[in-house]
Structure formats: structure tokens, C-alpha cells
Amino acid sequence: YYGGDCASLNIAALWKKYKGTEEPPAAFGHNRDWNVDLIPKFIMSNGKLVKMLIKSKVTKYLEWKVVDGTYVFQVSKGLMGGKKAGIHKVPSNDSEALKSSLMGLWEKKRCRNFFKYVESFNEEDPKTFGGIDPTSDPFAALIKKFGLEANTIDFVGHAIALYPEEDPKTF
């Protein structure tokens with residue numbers, strides 16, 4: 001495949017790379033419907049790189065696409081102690097948190113409250129801090145405040161905040 005470690009693979013190439021000679025299940029649809037980056041590449045919309053690209057006027061030669069959604073692969077306990085695996089959409093707001101299949105009923109409520117806090121946070125209005133000091137308190141303080149479970153911390157830290165570290169204390 002072209003690109004080595006940074007390649008984007010369709011479902012057939014992805015399956016071949018990780019499953020050997022097996023064919024992907026028909027349930028995944030057409031091969032052309034998939035394009036999975038082995039190393040996702042994002043440019044944050046409010047970052048210095050975007051400002052530099054706009055200033056240099058190279059943006060007219062680039063194609064921009066908004067990310068429609070972020071998905072994670074999760075293995076969870078199934079009925080009778082078995083394991084169940086699947087691809088799930090990562091919630092990006094409070095209403096999606098309530099519909100997400102990544103969390104149980106009580107965790108959905110905690111996650112929704114976390115998203116509401118983040119959405120209402122205003123750096124210039126200390127009333128929105130909710131007892132958290134954004135300049136000195138670590139992310140662990142937010143985790144404790146909302147009582148988020150390990151699985152929720154994992155997808156918030158990695159799929160939303162794009163932190164590469166595994167330990168939530170380093171987020």
C-alpha cells in the first residue's frame with residue numbers, strides 16, 4: 001500500500017493488513033465507502049498552522065473537509081461473560097452523549113453534564129469555572145468533579161482532545 005505508516009486504507013486493504021487473507025464482512029458495505037488513516041491527520045481550525053496557511057494564501061490550493069464524526073473501536077463485556085466488539089460514534093455534545101452506545105445509563109448522564117460544562121465554559125467569566133481553576137487544576141480535577149468512568153475518560157482524552165498519552169493524569 002502507498003504511504004507506509006501514514007497510509008490511508010480502504011476496508012479491503014485494512015482487513016488484509018490486520019486480518020491476513022480474510023475478506024471483510026459484507027456488513028461493512030462497499031470498499032470505496034472506507035478510508036481509514038493509519039495515523040490521523042488533523043489541522044485544528046483555530047491553530048497557528050491554519051492562520052499561517054491563510055496568510056500565505058496557499059489555502060486556495062487545498063481542499064478542506066470538516067470531520068463528520070469520530071469513531072472508536074471498543075471491546076466490552078457481552079451477555080454471559082462473553083466479549084462484544086464494535087465501532088461506535090464518539091459523542092460530541094450533550095444530546096449525543098445521551099444516545100451513545102459507548103456508555104451505560106448513569107454514565108450517559110455524567111457525560112452529558114461534562115459536555116454541558118465544557119459548552120458553557122467561558123475563559124473570561126470565572127462564574128463558568130464551576131469551582132475548577134483552569135490555570136492550575138489538572139484534567140483529573142474535572143474527572144473527579146463529574147465522576148467520569150475510565151472508558152469515558154479514554155474516549156474524551158483520545159478521540160476528542162487527541163491526547164496520545166495513555167495515563168489520564170497526563171491529560
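In this convention, every chain numbers its residues from 1, walking through the sequence in written order. Predicted model: local features are reported for residues with pLDDT of at least 70 only, side-chain atom pairs are reported and counted for 80 or more only, and whole-chain, interface and lining totals are derived from all residues. The side-chain values count all of the structure's non-hydrogen atoms but skip hydrogen atoms and water molecules.

S.K.: I'd like to hear about the environment of arginine 110, residue by residue, with values.
M.R.: Segments assigned H or I by DSSP are reported as helices when at least four residues long, segments assigned E as strands when at least two residues long, and all are numbered from the N terminus. Among the structural elements, arginine 110 can be located in helix α4 (residues 105-120). Spatially, the C-alpha atoms of arginine 110 and alanine 97 are 9.0 Å apart, while their sequence positions differ by 13 residues. We call two residues contacting when some pair of their heavy atoms lies within 4.5 Å. Those residues in contact with arginine 110, other than ones at most four positions away along the chain, are Phe146, Gly147, Leu148 and Glu149. Polar contacts, as used here, are pairs of N or O atoms within 3.5 Å; protein pairs need one atom able to donate a hydrogen and one able to accept it. Residues neighboring in sequence count only if both atoms are side-chain atoms. A polar contact is formed between the side chain of arginine 110 and the backbone oxygen of glycine 147, at a distance of 3.2 Å.

S.K.: Account for α4, with residues named and values stated.
M.R.: Compared with the 22 Å implied by 1.5 Å per residue over 16 residues, the 23 Å span of α4 between its first and last C-alpha is a close match. When a residue's accessible area, from a 1.4 Å probe over protein chains only, is under 20% of the maximum for its type it is buried; when over 50% it is exposed; and in between it is partly exposed. Taken together, the buried positions of α4 are Glu107, Lys108, Cys111, Phe114, Phe115 and Tyr117. Check the buried side of α4 and you find it contacts α3 (94-99), α5 (139-146) and α6 (150-160). Each helix should span, by expectation, one fewer than its residue count multiplied by 1.5 Å.

S.K.: Give a detailed account of the layout of surface pockets, specifying residues and quantitative values.
M.R.: The gaps of empty space that remain are located by a probe, the size of a water molecule, rolled over the atoms. Computed over the protein atoms alone on a 1 Å grid, cavities are sets of points where a 1.4 Å probe fits but cannot get out and pockets are open sets with protein on both sides within 12 Å along at least five of seven lines; a residue lines them when it has an atom within 4 Å of a point. Grid points are joined across faces, edges and corners, and a volume is the space filled by probe spheres set on the points. Reported here for the second largest pocket is a volume of approximately 330 Å³. Looking at the second largest pocket, it is lined by 13 residues, and the ones nearest its centre are Phe114, Val118, Phe139, Val156 and Ala161. Residue assignment for the lining of the second largest pocket shows that the elements contributing at least two residues are α4, α5 and α6. With four residues, the single largest contributor to the lining of the second largest pocket is α4.

S.K.: So what about a nonpolar patch on the surface? Which residues, and what values?
M.R.: A cluster of nonpolar side chains, Ile43, Leu49, Met52, Val58, Tyr61, Leu62 and Trp64, forms an exposed patch at the surface whose accessible area comes to about 700 Å². Looking at where valine 58 falls in the secondary structure, it is placed in the loop between α2 (48-56) and β3 (71-77). We classify valine 58 as partly exposed; its relative accessible area is 30%. Exposure above 30% relative accessible area and the absence of a salt bridge qualify a residue for a patch, where like charges join within 9 Å and nonpolar side chains (Val, Leu, Ile, Met, Phe, Trp, Tyr) within 5 Å. Computed with a 1.4 Å probe, the accessible areas rest on the Shrake-Rupley method; for each residue, only the protein chains presented here act as cover. For this analysis, a salt bridge means a side-chain nitrogen from Lys or Arg found within 4 Å of a carboxyl oxygen belonging to Asp or Glu.

S.K.: Let's hear about the side chain of glutamine 74: which residues, and what values?
M.R.: Summarising the element assignment, glutamine 74 is placed in strand β3. Exposure remark for glutamine 74: the relative accessible area of 13% places this residue in the buried category. A polar contact is formed between the side chain of glutamine 74 and the side chain of asparagine 151, at a distance of 2.9 Å. Residues in contact with glutamine 74, not counting those within four places in the same chain, are Lys84, Ala85, Gly86, His88, Ser101, Leu102 and Asn151.

S.K.: Quick rundown of the pattern of salt bridges? Include the residues and the values.
M.R.: In the structure shown here, the tally under the stated rule is three salt bridges. A salt bridge links glutamate 96 to lysine 89; its shortest N-O distance comes to 3.2 Å. Residue glutamate 96 is classed as partly exposed on the basis of its relative accessible area, which comes to 25%. In this structure, arginine 110 engages glutamate 149 in a salt bridge whose closest nitrogen and oxygen atoms are separated by 3.1 Å. Pair noted here: arginine 110 is in helix α4 and glutamate 149 is in the loop between α5 and α6, with a separation of 39 residues, a long-range link. Several salt bridges converge on common partners, so that one network encompasses Glu107, Arg110 and Glu149.

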